[in-house]
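Results of the structural survey
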Amino acid sequence: QVQLVESGGGLVQPGGSLRLSCAASGSIFSIDVMGWYRQGPGEQHELVAVIRSGGSTNYADSVKGRFTISRDNAKNTVYLQMNSLKPEDTADYHCKVEGRLLNRATFISWGQGTQVIVSS
């Protein structure tokens, strides 16, 4: 009942930037938490950044100062601005959205993922 469409991944050189987007649509009443997770080759799935409805954020230590998460509530969209990218940022990035449907039931939805490759 909630669909997520991600975009913005790709190949970038070390030191470069990318901006990921994740747009939610469907029978949405409200969105509480929006976040980005990633899983690199041979790595565990990990939290990258989350943003709550009130605007508070949390980041993985590995991306603090380089990545910025933001959201556009009118568009039900979350963004991840990634600067100073490093080869170790190479991963599949997935967005996760939590909220309530029109019938007030809670939902958790995951995006299909977008690949980010940082390489020279």
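Residues numbered from 1 in each chain as written. Predicted model: local features only at pLDDT ≥ 70, side-chain atom pairs only at ≥ 80, totals over all residues. Heavy atoms only, no water.

So, about the pairing of strand 9 (residues 91-101). In terms of residue burial, strand 9 counts as a mostly covered element, since eight of its 11 residues are buried. With 10 bridges connecting them, strand 4 (residues 28-39) and strand 9 associate as antiparallel partners. Paired with isoleucine 28 across the bridge in strand 9 is leucine 101. Pairing of strand 9 with strand 11 (residues 114-118) involves three bridges; the strand directions are antiparallel. (Buried < 20%, exposed > 50% of the residue type's maximum accessible area, 1.4 Å probe, protein only. Helix = DSSP H or I, 4+ residues; strand = E, 2+ residues; numbered from the N terminus. Pairing = 2+ DSSP bridges.)

By definition, a disulfide links two cysteine residues through a covalent bond between their sulfur atoms. Here the structure, examined in full by the defined rule, presents one disulfide. Paired by a disulfide, cysteine 22 and cysteine 95 hold their sulfur atoms 2.0 Å apart. The disulfide joining cysteine 22 to cysteine 95 has a torsion of about 45° about its S-S bond and is therefore right-handed. Placement of cysteine 22 in strand 3 (residues 18-26) and of cysteine 95 in strand 9 is noted, with a sequence separation of 73 residues between them. By relative accessible area, cysteine 22 is classed as buried at 0%. (Disulfide = S-S within 2.5 Å.)

Here the focus is the pattern of salt bridges. Scanning all chains against the criterion turns up five salt bridges. In this structure, aspartate 89 and arginine 38 form a salt bridge, with 3.0 Å as the shortest nitrogen-oxygen distance. A residue pair is termed long-range when its members are at least 10 positions apart, and aspartate 89 in the loop between strand 8 (77-82) and strand 9 and arginine 38 in strand 4 qualify at 51 residues. You'll find aspartate 89 and arginine 38 in the same group, each marked buried. (Salt bridge = Lys/Arg side-chain N within 4 Å of Asp/Glu carboxyl O.)

Another point: the sheet that holds strand 8. An order of 1-3-8-7 is seen for the four strands of this open sheet, with the pairing classed as antiparallel. If you trace the sheet from one side to the other, it starts and ends with strand 1 (2-7) and strand 7 (67-72), each paired once. Each neighbouring strand pair of the sheet contributes to a mean axis angle of 15°, computed without reference to strand direction. Of the pairings in the sheet, the one linking strand 7 to strand 8 comprises six bridges and is antiparallel in character. If you follow isoleucine 69 over to strand 8, its bridge partner there is leucine 80. (Axes fitted to C-alpha atoms, helices over the stretch in contact; angles between N-to-C directions.)

The quantities given are spatial measurements derived from coordinates; they are silent on function.
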